[in-house]
Every structure is written in structure tokens, then in C-alpha cells.
Amino acid sequence: MNDNNKKKYNTVYTGQKLNKIAFPLGGIGAGMICIEGTGSLSHFCIRNKPEMHNEPCMFSAISIKGNPTIARVIEGPIPNWKIFSNPTVVGQSGNGLDGKAYGLPRFANAKFEAKFPFASVTLTDDEIPLGIDITAWSPFVPNDPDTSSMPVVGLEYRFVNNSDKTIDAIYSFNSKNFLAFKDKIENEESDDCIEATTNGFILHQKKSLKSKPYLTSSFCATVDDKDAKVNCTWFRGGWFDSLTMVWNDIKAGACYHKDPLDNGKKSPGATIFVPVKLAPGEEKTVKLLLSWYTPNSDEKYFYEEKDSDLLPAYQPWYAGKFNSIDEVVQYWRANYNNIRHQSKTFSDCFYDTNLPDEIIEAVSANLSILKSPTILRQKDGRLWAFEGCCDEKGSCAGSCTHVWNYAQSLCHLFPALERTFRQTEFNECQNKDGHQVFRAPLPIRNSSETGQWSHQTPAAADGQLGGIMKIYRDWKICGDSQWLKEMWPKVKQSLLYCIEAWDPEHNGVLSEPHHNTFDIEFWGPDSMCSTIYIGALKAAIEMANTLKEDASLFMSLFKKGTDYLTQKLYNGEYFHQLVQTKGLRAKSPLETASLIESKYSPEAIRLYEEEGLRYQYGDGCLSDGVVGCWLAKMCCLGDILDREKIVSHLKSVYKYNYKTNLSGHANPQRPGFAIGNEGGLLVCSWPNGNKSSMPLIYTEEVWTGVEYQVASHLISMGLLDYGLNIVRTCRDRYDGVTRNPFNEYECGHWYARAMSSYALLQAITGTRYDAVGKILYIEPNIEGDFRSFLCTSTGYGTVGVKSGKPFIEVKSGDIVIKEIKFIN
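Residues numbered from 1 in each chain as written. Predicted model: local features only at pLDDT ≥ 70, side-chain atom pairs only at ≥ 80, totals over all residues. Heavy atoms only, no water.

A.B. asks: It is not clear to me how the overall build of the chain should be interpreted in this structure. Could you clarify?
C.D. replies: Along the chain, the regular secondary structure elements total 18 helices and 33 strands. Scaling as 2.2 N^0.38, a compact globule of 824 residues should have a C-alpha radius of gyration of about 28 Å, and the chain matches this with 28 Å. On the principal axes, the C-alpha backbone points of the chain span a range of 85 × 70 × 55 Å. Classification of the 824 residues of the chain by burial places 62% in the buried group. For the chain, long-range pairs separated by at least 24 residues make up 71% of all intrachain contacts whose partners lie at least 6 apart in sequence. Here the chain has roughly 30400 Å² of accessible surface; of this, 47% comes from carbon and sulfur atoms. Each charge class in the chain was averaged separately, 87 positive and 97 negative side chains, and the resulting centres sit 2 Å apart. (Helix = DSSP H or I, 4+ residues; strand = E, 2+ residues; numbered from the N terminus. Rg over C-alpha atoms; globule rule 2.2 N^0.38 Å. Buried < 20%, exposed > 50% of the residue type's maximum accessible area, 1.4 Å probe, protein only. Contact = heavy atoms within 4.5 Å. Areas by Shrake-Rupley, 256 points an atom, 1.4 Å probe, with all protein chains shown as cover. Lys, Arg positive; Asp, Glu negative; His and termini not counted. Charge placed at Lys NZ, Arg CZ, Asp CG, Glu CD.)

So this is what it looks like as C-alpha cells:
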């Protein structure tokens, strides 16, 4: 490995690389606040939905008493992109950014570093004799989903006196009541107010409005300092008066108490003051505890329009644990230090590694997705998710099975939560025939009761079959054979449906049109979905044998499928698709209703007659061409096809689809994922020609989730350098200058598919724990000694090889190991 490359990743961000950083903080399914590279707070998504441009007027400041007093907002310089056409102030950029605190003086320099779930910002300024750094974090404790789902954030401001004189200063946290409505809503007045709490304040939109009760919300800020003073009543006036008077206080080094207004009168905002008096060399840390409470929402998906007013909307998990913001605040104060210790124990363990820095960066950056609004956790504790987040709403609702096939982090870090996805898929989303809807309704309920995405719509072959493999994986992770026994009847029913729907001739491959993650139907046998099919058959064989059930049908189809793939779908270099529209049960594509595709226009019909069916990959080299083989490895099923042919396919993908510079690449689709002189792994290419005028959609694009899938598969097959090159090229695009390093997007921000990056750990170390047999497997694809993070359903720690011998150091919980199988 090249040391020069290692220095570029998992390191400190400075200068222009701070521009786009927004690091998610919050609980799983509880909402999100981001700390930016400069130390500012943004992306306030605390009302059970994305609000990416919600950047309240909220900031910390320090004033150092003297002659004159020196005051600064505790942030680095405002990134230039925010000055003009700033989406957080729609309609106001041309009016000079009215309502923003950008014009207040800040520190000259900032540095940002992330050690998930912690982030730190270091600020310096020649005029400030204090060393200042911010540590931002939120709970993340593997195997403890409840603690990790809290609507809370911790911010720690550390001040060090670097001078030879005593410094007398005042720290302040200042916020407008960003929850208050600016206008009347359907003739109802906004019932906003600010209340005092111990060493802090609570912002409220308090009264439940009849028209929009889901906007009722509370936000608390409190500090752990007994000398704190709180002003709950900012100056009320016109124009810019409130913020002007706040800055006057900061500039003057003010520190005073002021009670909330009486009789429901509204205050524009509130401030917490904390004295910071430091002798030379002395330091002090102010802990700012943030929390929120929004018990209701208007989020509901996939219901009959006539039932929309009758069905309840989503409520977050924490609303079932706490009855008010006061209870959340009390919990956060009482448990802050313990939860911080547990979260830090995880972080220290995760980063206690000598794996390549690009691997650690790719894995940890995408753990941020678990803290984003992509994921919701409903009141009963079950997860439900989008694919990603649009700016103001979720993107592609329903815990989409074929996208979530790729995500490999949740199943290891929070396996009990992962299994709630299986619960939904094989129960509420599956009918008596075994048909699964691949988008679950919210709140979760029987999908036969829904309108759109009901059982009248096609199932997703890759999603439904992938779920069968994941049942096997989740059993191996949790070790609960009773759970497997309970799930098996539905799993078998699901697989039998898949066989009848897509392989009625029992050829071992999917031939009938089958919907998939490319939002179209594949017609005829294809390697992508058929490898997932044989992976599901292999999983079913293993499960049936364990439960002493008949697996003969599955064994027969598995053998036929592997033979078909290697003999008819492998062209000597890579696996492909045999497009077929005739001799099927399905009608002509021109007569068949598709789930998403538009109807054929006259022009499209003429093109169909000349070239054949649109949106297929045919002779193309698809990056996901053997994704089922990758998923099988992630699901503890080993190699399900001839290993040499898998390697050949992956090498072809690297040869034909991996580009280090896209300047000459034509992409009429969605170019924002990778563009210009950036590099990336294309979804598909046609190295031997035969590319149709209307090829597989998305084919010219670059998806990080597929990049990590291919990279981890390459590494697991011994092609380490190939895999690392793809990872580096991917992470180079997320450098902080153009894109947020902690937000890999596809169809929305914080896109779930990107959690395929977690597979890089298993791929490079070859480690996995079988909780059924209590066996630890170590088969590294990296030379020499190594240390790596390993999480099981009962504990986590560091696993690796030292002086040529395997070892494990348990750091939390307990991991019972009867045998270590080490292959070097």
C-alpha cells in the first residue's frame, strides 16, 4: 500500500475542504442536526422529516474582557458559497442575507476532524489568546438501539488560556426561536414561547394546532455549569433590533439572568451565559446539551386516499418513551456522561486499526446515514426507511428492499433493529401467495390495506430474493434458531412465489420479466438477478437442512442455475443478459404495464421494432452483474459460482467501467454524482458493442453504493489494489470542496445503498462471527498483521492477526467463541 495515498484519507479537513462539511448528529430515527466544518449548526431536521435548508440563527460566542473587549462567534469563516444563492435563505440572498448572523466576526482559521460519532473543530485567531476546540457528538452504542435512538446532541466547548495573563471571558449560546411560525396558519395564531429550565431554555411551538398538529415541537439547550445565567427574553423590536442587541451584550461581556415573559407573550430568542475565567495554562470545558421533542408528524405513505384522514400518522420511537421535552432533558442530563463514555468506547475501538485509511473513511463516513432522516423508527421500535432524503421530504419511501440489500452496517451494529425490516417484509408486506411489496407502508401495517404499491403491483425480484439471503445472514448473526424456525414458513412461501413468478420452467434463472433496483423489468435471463436467485436458493437449502425440511427442489434449481449462468450467461470475460421477449408467459412489452416506465410513444415503438426492447443491458458489462455472489459472501454463504469466473467478471468491471477521469464521458442522465475530471465506476458499459439507443437507464451514472459493492467484492477475491483504487476514487469526490464527505447521495441525500461500504471491513479482514456455531472466521485478504473492528450481536471488540496468530480483544459485552478458524 502507498503511504502517500493513506495520508489523504481519514484525516483533518482545512481551508476550502471545510466548505461542504455537514456531519450528522442525533439518534437513529430521531432526527438530525449537523455540525459544519466551521463549527456552525445546520440541517435542523427535528420535525420527523428532512429540512435540509433549515439553518436557524443559532450560534455560540466568546467575549474576552479587556480594553477593548474582543468578541467572536465560535465558528470559522463563512464558506463563500453561502454568500450568494444560499438555499437556506430562499428569496433573501438578493436582500443581503437578512436574518442570518453571518455578519458577526468569526475566527480566522478552522480545522475539522471526524471520529464517528464524534467530530471536532479547532479554531484559531491571532487576536484571540484562547485555544478553542469544539467536540460534537451524539449517542451511538452498538447493540443498544434505544440509547442510540435518543433525540439529543452534545456540544463541548473547550477553552485553554495560552497567554501569560489571566483571562476573564464569557461564553454564550444564542438562538432565535426557530420553531415559531412566521405567519398565521389557517387563521390560527402561532403559540410559540420560551421557557426557562435549569441552566438553559426551551423553545416551544407549544399549542397543538388543529390544522397542523405535527408542527408542535420543543427544543432545549442547557449547560452543566452552576454559574450559568439565562436570558429568556431577547429585545423585541423591528428591523434588525433583536440580533443587534444580542451582539451588544456579547461585545460588552454581559452575563445576566432574565425570566421568560408572562402571559404567553412571545420572545424572539434566548441566550445562555457562562463565565470563563482562566489562569495562564488553565482550561475549562462548557458542555452544551441539546435535545428536542416532536411527538407527532404528518408522515404516512401508501394508503388509499379515502382513508387518509382516518389513519394515524407516524410517531417517533422516543414519543413512546418520553411524555414531554422535560423528560428528555432530565434523561439527557442524568445519563450524559455514561452515554458519552459508551459512545467513546465504541469510537476508540473502531479507530484502533491499521487498515488502510481509505477503508476506514469510507466505512465511518457512511455510518452517518444511520443518524440522518433517511431512517425513521416508529413508536413500537420498528425501523422504516426512505432510500435517501430530498431537501424537504424523504426520497423513495418504504424501506425499499432492493436498495437496502446493499446496506451492511445496521445488521452488524444493531442486529435487533435490522431484523425488524425482515419482520415487516415477511409479514405485513407479504400476502398468502408469497408476493412481497417492496415498499412498506408507514405506519407499518398490512400492505393489502394500501393503495399504491399494493399486491397488484409487481414484486421486486432482487429485493425479495435478497431478503431470503438476509434471513440466513441475520440468523447467523443473532444465533436465535427459534427466530429462524418462526420465520421459515414465510421464507419458504416467498421463495416458492419467486420460482413460480420468474422461473416457472425451473431453469434455475429468472426469465419472466422481473422488476429490480434499476426501476425497470429485466426480460430474459440476466446474471444480476439470477445470481441473487441462486444465492436465495443456497440460503434456503441451508435453512431447510437445519430445520430438517425437504430441500430437494431448491437443490435442483441451484444446480441448474449455476450451470445456466456459467454456460449461457458467461461470455468468457463477464456475465451478461440474454434479452427475451418471446416464449414467455408475459405478454409483449408493448402490452405489459410496467411499474414505473412510461408508455411507449410512437417513436419508442419504432425504435423497439428496429432495435428490440429498451432499458436492458444485454451484452453489457454490468457492475452489478454478479451482485448476488457479493451478497452471498456478506450473508455467510461463501462463493456460489465458479470462483475464477467471478474474478473474471470483476476484473472486466474494473477494466471497462472504472474511469479515473470522466471529462470525455457523455452522461445525459444524472451527472452530479461524478462529473468532469472526477473519476468513478460506471453502472454499465458495452465493451463489445451492441449498445442500444435506449440502454439500461442510469447506465452512464456513478453510484457509491455500487462502487463499494464492487470494491469489497474485488478485495474479498484477493484483488486488493483494484478495490482500494475504486474506494479512493469514490472518496476523492467527497472531499469537502464540492461535496459533503459525510453525505454520499444517489436518489437523495444520505442514500442507504452507500452503507455497502461496511462490507469493506469483512472483505479485507475476512472476519465474521457465526453466533449459531460460536465460530470466529478469519481469512484475511491483506498481508501481515492487522487490527480491525468486529461487532457481534452480544458484544464488540478488536480482531486481527498478531505475529502471525489470530486474536480477539472484547471491548464491550461478551463474545463466546468455541473455535477460531484461521486461514492465512
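A.B. asks: Please explain the nonpolar core as it appears in this structure.
C.D. replies: Membership of the largest hydrophobic core comes to 226 residues, with the highest contact counts inside it found for Ile35, Phe112, Phe159, Tyr171 and Phe219. With 12 residues, helix H11 (residues 527–546) is the largest single contributor of residues to this core. (Core = buried A, V, L, I, M, F, W, Y, C linked by side-chain atoms within 4.5 Å.)

A.B. asks: Got a minute to help me understand the sheet that holds strand S16 (residues 269–278) in this structure?
C.D. replies: Strand pairing in a sheet relies on backbone hydrogen bonds, with the paired strands running either antiparallel or parallel. One open sheet accounts for 5 strands, arranged S6-S5-S11-S16-S15; its pairing is antiparallel. The open sheet has two edge strands, strand S6 (70–73) and strand S15 (229–231), and neither has a second partner. Averaged over all pairs of adjacent strands, the angle between strand axes in this sheet comes to 20 degrees, irrespective of strand direction. Of the strand pairs in this sheet, strand S5 (residues 58–64) and S6 are connected by 4 bridges, and their pairing is antiparallel. Pairing of Ile64 across the sheet is with Ile70, part of S6. (Pairing = 2+ DSSP bridges. Axes fitted to C-alpha atoms, helices over the stretch in contact; angles between N-to-C directions.)

A.B. asks: Which parts of the structure should I look at to understand helix H5 (residues 357–367)?
C.D. replies: Side chains three or four residues apart in an α-helix point the same way, a direct result of the helix having 3.6 residues per turn. The element H5 is extensively covered by neighbouring structure, given that 10 of its 11 residues are classed as buried. Regarding H5, the residues found buried are Glu358, Ile359, Ile360, Glu361, Ala362, Val363, Ser364, Ala365, Asn366 and Leu367.

A.B. asks: What is the right way to read the packing of aromatic side chains from this model?
C.D. replies: All told, the structure shown has 48 aromatic pairs when counted by the stated rule. Centroid distance Phe44 to Phe178: 5.2 Å. Interplanar angle 70 degrees. Geometry classified as edge-to-face. One end of the pair, Phe44, is in strand S4 (residues 41–45); the other, Phe178, is in the loop between strand S11 (167–176) and strand S12 (192–197), and 134 residues separate them in sequence. This pair shows no difference in class: Phe44 is buried, exactly as Phe178 is. Through a chain of ring-to-ring contacts, three or more aromatic side chains come together here, namely Tyr13, Phe23, Phe112, Phe116, Phe140, Phe346, Phe350, Tyr351, Phe414, Phe742, Phe789 and Tyr796. Taking the ring centre of Trp317 as reference, the NZ or CZ of Arg377 above it sits at 4.6 Å. Its guanidinium or amino end placed over the ring of Tyr406, Arg753 lies 4.7 Å from that ring's centre, counting from NZ or CZ. (Phe/Tyr/Trp six-rings, centres within 6.5 Å; stacked < 30°, edge-to-face > 60°. Lys NZ or Arg CZ within 6 Å of the ring centre and 35° of its normal.)

A.B. asks: I keep staring at the side chain of Glu428 and nothing clicks. Help me out?
C.D. replies: Looking at the secondary structure, you find Glu428 in helix H8 (residues 415–428). Given the relative accessible area of 17%, Glu428 is considered buried. Ignoring sequence-local partners within four residues, the contact set of Glu428 consists of Arg382, Gln423, Ile444, Arg445, Asn446 and Ser447.

A.B. asks: Would you take a moment to explain the sheet that holds strand S2 (residues 22–25) for this structure?
C.D. replies: With respect to topology, 3 strands assemble into an open sheet ordered S2-S3-S4, the strand pairing being antiparallel. Looking along the sheet, the strands with just one partner apiece sit at the ends: S2 and S4. Pairs of neighbouring strands in the sheet enclose a mean axial angle of 25 degrees, with direction left out of account. Direction of pairing for strand S3 (residues 32–36) relative to S4: antiparallel, over a ladder of 3 bridges. Counterpart to Ile35 in the pairing with S4 is Leu41.

A.B. asks: It is not clear to me how the pairing of S12 should be interpreted in this structure. Could you clarify?
C.D. replies: A regular strand carries its side chains on alternate faces of the sheet. As paired strands, S12 and strand S13 (residues 200–205) are joined by 6 bridges and run antiparallel to one another. Directly across from Glu195, in S13, lies its bridge partner Ile202.

A.B. asks: What's the story with unusual backbone geometry in this structure? I'm lost.
C.D. replies: Excluding glycine, residues mostly carry a negative phi; peptide bonds, for their part, are mostly trans. Following Asn67, the chain continues to Pro68 via a peptide bond in cis, the omega torsion being 10 degrees. Tracing the backbone shows Pro68 in the loop between S5 and S6. Note the cis peptide between Phe116 and Pro117, where omega equals 5 degrees. Looking at the secondary structure, you find Pro117 in the loop between strand S7 (109–115) and strand S8 (118–124). Residues other than glycine seldom take positive phi values, yet Tyr615 does so here, at roughly 65 degrees. The residue Tyr615 is located in the loop between helix H13 (602–611) and strand S24 (621–622) in this model.

A.B. asks: Would you explain the pairing of S4 in this entry?
C.D. replies: Among the 5 residues of S4, 5 are classified as buried, and the element is accordingly described as predominantly covered. What sits between the antiparallel neighbours S3 and S4 is a turn of 4 residues, in which Gly39 has the positive phi angle 105 degrees.

A.B. asks: In this structure, what is going on with the pattern of salt bridges? I would like to understand it.
C.D. replies: When their charged atoms lie close together, side chains carrying opposite charge are able to pair. Counted by the stated rule, this structure contains 44 salt bridges. In this structure, the salt-bridge partner of Glu283 is Arg158, at a minimum N-O distance of 3.1 Å. Here Glu283, found in strand S17 (residues 283–293), pairs with Arg158, found in strand S10 (residues 152–161); they are 125 residues apart in sequence, far enough to count as distant. Residue classification places Glu283 among the partly exposed residues on the basis of a relative accessible area of 43%. For Arg422, the salt bridge goes to Glu425, with nearest N and O atoms at 3.0 Å. Of this pair, Arg422 and Glu425 both sit in helix H8, 3 residues apart, roughly one helical turn. No difference in accessibility class separates Arg422 from Glu425, as the two residues are buried. The network of salt bridges with shared partners includes Glu418, Arg422, Glu425, Arg473 and Asp474. (Salt bridge = Lys/Arg side-chain N within 4 Å of Asp/Glu carboxyl O.)

A.B. asks: What is the right way to read the environment of Arg733 from this model?
C.D. replies: On the secondary structure map, Arg733 appears in helix H17 (residues 720–733). Along the backbone, Arg733 and Thr581 are 152 residues apart, and their C-alpha atoms lie at a distance of 40 Å. Beyond its immediate sequence surroundings of up to four residues, Arg733 is in contact with Phe673, Ala674, Glu678, Gly679, Gly680, Val702, Thr704, Glu707 and Arg739.

A.B. asks: Explanation requested: the packing of H11 against helix H12 (residues 552–568) in the structure shown.
C.D. replies: Axes are the key here: two packed helices are described by the angle between their axes and the distance separating the axes. The interhelical angle for the contact between H11 and H12, taken along N-to-C directions, is 150 degrees, at an axis separation of 9 Å. Between H11 and H12, the angle is such that the two are roughly antiparallel. Of the two possible hands of crossing, H11 and H12 adopt the one that is left-handed. Along the contact surface, H11 presents Ser527, Ser530, Thr531, Tyr533, Ile534, Leu537, Lys538, Ala540 and Ile541, while H12 presents Phe554, Met555, Leu557, Phe558, Gly561, Thr562 and Leu565. Residues that form the contact of H11 with H12 fall into these classes: 10 nonpolar, 5 polar and 1 charged. (Parallel < 35°, antiparallel > 145°, perpendicular 65-115°, else oblique. Left-handed = near helix turned anticlockwise from the far one by under 90°. Nonpolar A, V, L, I, M, F, W, Y, C, P; charged D, E, K, R; others polar.)

A.B. asks: Is there a simple way to explain the state of the cysteines in this structure?
C.D. replies: Disulfides are covalent bonds that link the sulfur atoms of two cysteine residues. Under the definition given, this model contains 0 disulfides. The thiol of Cys232 is unpaired, and the distance to the nearest cysteine sulfur, on Cys193, comes to 10 Å. For the unlinked cysteine Cys621, the closest cysteine sulfur is that of Cys684, found at 6.8 Å. For Cys621, a relative accessible area of 0% puts it in the buried group. (Disulfide = S-S within 2.5 Å.)

A.B. asks: Explanation requested: helix H15 (residues 643–657) in the structure shown.
C.D. replies: Compared with the 21 Å implied by 1.5 Å per residue over 15 residues, the 21 Å span of H15 between its first and last C-alpha is a close match. With a side-chain oxygen lying 3.2 Å from the backbone nitrogen of Glu644, the N-terminal cap of H15 falls on Asp642. (Expected span 1.5 Å × (residues − 1). Polar contact = N/O pair within 3.5 Å; in protein donor to acceptor, adjacent residues only side chain to side chain.)

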